[in-house]
Amino acid sequence: MRPNTVMRALVGVTAVAGIAAGSLTDAGAAFAASAPASPPAVSSEAAHPLAVVNLGLNAKQAKKVQGWLKKYWGYRGAIDGQLGTNSWKAFQRNLKAHWGYKGKIDGAVGRETVKALQRLLKNSWGYKGKIDGIAGAGTKAAFKRFANAA
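Residues numbered from 1 in each chain as written. Predicted model: local features only at pLDDT ≥ 70, side-chain atom pairs only at ≥ 80, totals over all residues. Heavy atoms only, no water.

J.: Explain the overall build of the protein chain to me, and be specific about the residues and the numbers.
T.: Counting secondary structure elements, the protein chain contains five helices and zero strands. Tracing the protein chain from N to C terminus, the helices and strands come up as α-α-α-α-α. Across the 150 residues in the protein chain, those meeting the buried criterion constitute 31%. Counting only contacts in the protein chain whose residues sit at least 6 apart along the sequence, the fraction spanning at least 24 positions is 42%. For the protein chain, the exposed surface amounts to about 9100 Å²; the carbon and sulfur share of it is 62%. (Helix = DSSP H or I, 4+ residues; strand = E, 2+ residues; numbered from the N terminus. Buried < 20%, exposed > 50% of the residue type's maximum accessible area, 1.4 Å probe, protein only. Contact = heavy atoms within 4.5 Å. Areas by Shrake-Rupley, 256 points an atom, 1.4 Å probe, with all protein chains shown as cover.)

J.: So what about unusual backbone geometry? Which residues, and what values?
T.: Its identity is not glycine, yet Leu-55 carries a phi of approximately 45°, on the positive side. You can see Leu-55 is positioned in the loop between helix H1 (3–33) and helix H2 (59–72).

J.: Let's hear about H2: which residues, and what values?
T.: Counted at 1.5 Å a residue, the expected span for H2 with its 14 residues is 20 Å, and the 20 Å between its end C-alpha atoms agrees. For H2, the set of buried residues is Gln-61, Ala-62, Val-65, Gln-66, Trp-68 and Leu-69. For H2, the buried positions fall inside an angular range of 160° around the axis, keeping them on one side. Along H2, exposed side chains directed more than 90 degrees from the buried face belong to Lys-60 and Lys-71. Contacts made by the buried residues of H2 are with helix H3 (85–98) and helix H5 (137–149). One side-chain oxygen at the N-terminal end of H2 lies 3.0 Å from the backbone nitrogen of Lys-60; it belongs to Asn-58. In the stretch just after H2, Gly-74 is the one whose phi turns positive, near 75°. (Expected span 1.5 Å × (residues − 1). Arc of directions from axis to C-beta. Polar contact = N/O pair within 3.5 Å; in protein donor to acceptor, adjacent residues only side chain to side chain.)

Have a look at this one:
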C-alpha cells in the first residue's frame with residue numbers, strides 16, 4: 001500500500017468518526033432540548049374546569065362536603081374526596097342562590113367562585129379576611145371548619 005493511500009484512508013476514517021460523533025452530539029442536544037417541561041402547578045385562584053380543587057381540604061373533609069352537596073345541591077358524582085368539576089358546579093348553585101355568585105355554573109374555581117365562598121365563610125365559619133377571590137390561608141382554614149361541620 002502506498003503512503004498516500006494509507007493517509008487518505010486514515011483521513012477518511014477520521015472524518016467519518018468526526019461526523020458521526022458530531023451527529024450524535026447534535027442528536028443528544030436536540031433530544032435534551034425537546035424534553036417536555038414540567039407541567040405548571042394548579043393555582044387555587046383559578047383552575048382548569050376539570051381540575052380537582054380541594055382548597056386545602058383532605059379527602060375525608062372533601063367527602064363531607066360532597067355528601068352535603070349531594071343532599072342539598074344536586075351533586076350526583078362519587079363521594080371520593082376530590083372536589084372536581086361536578087362538585088364545584090353543585091357548590092356554585094349554592095353560592096348563586098345565597099352568596100352573590102354571578103358567574104356561570106361551570107365548575108371552574110375562579111376568582112368569583114372564591115369571592116362567593118368567602119362571603120359564606122365570613123358569615124358563619126370564622127373567615128376574617130377580605131372578599132378578594134384569593135383562596136389564601138384564612139379562606140382555607142375557614143373552608144376546613146365548614147367541611148368538618150358538613
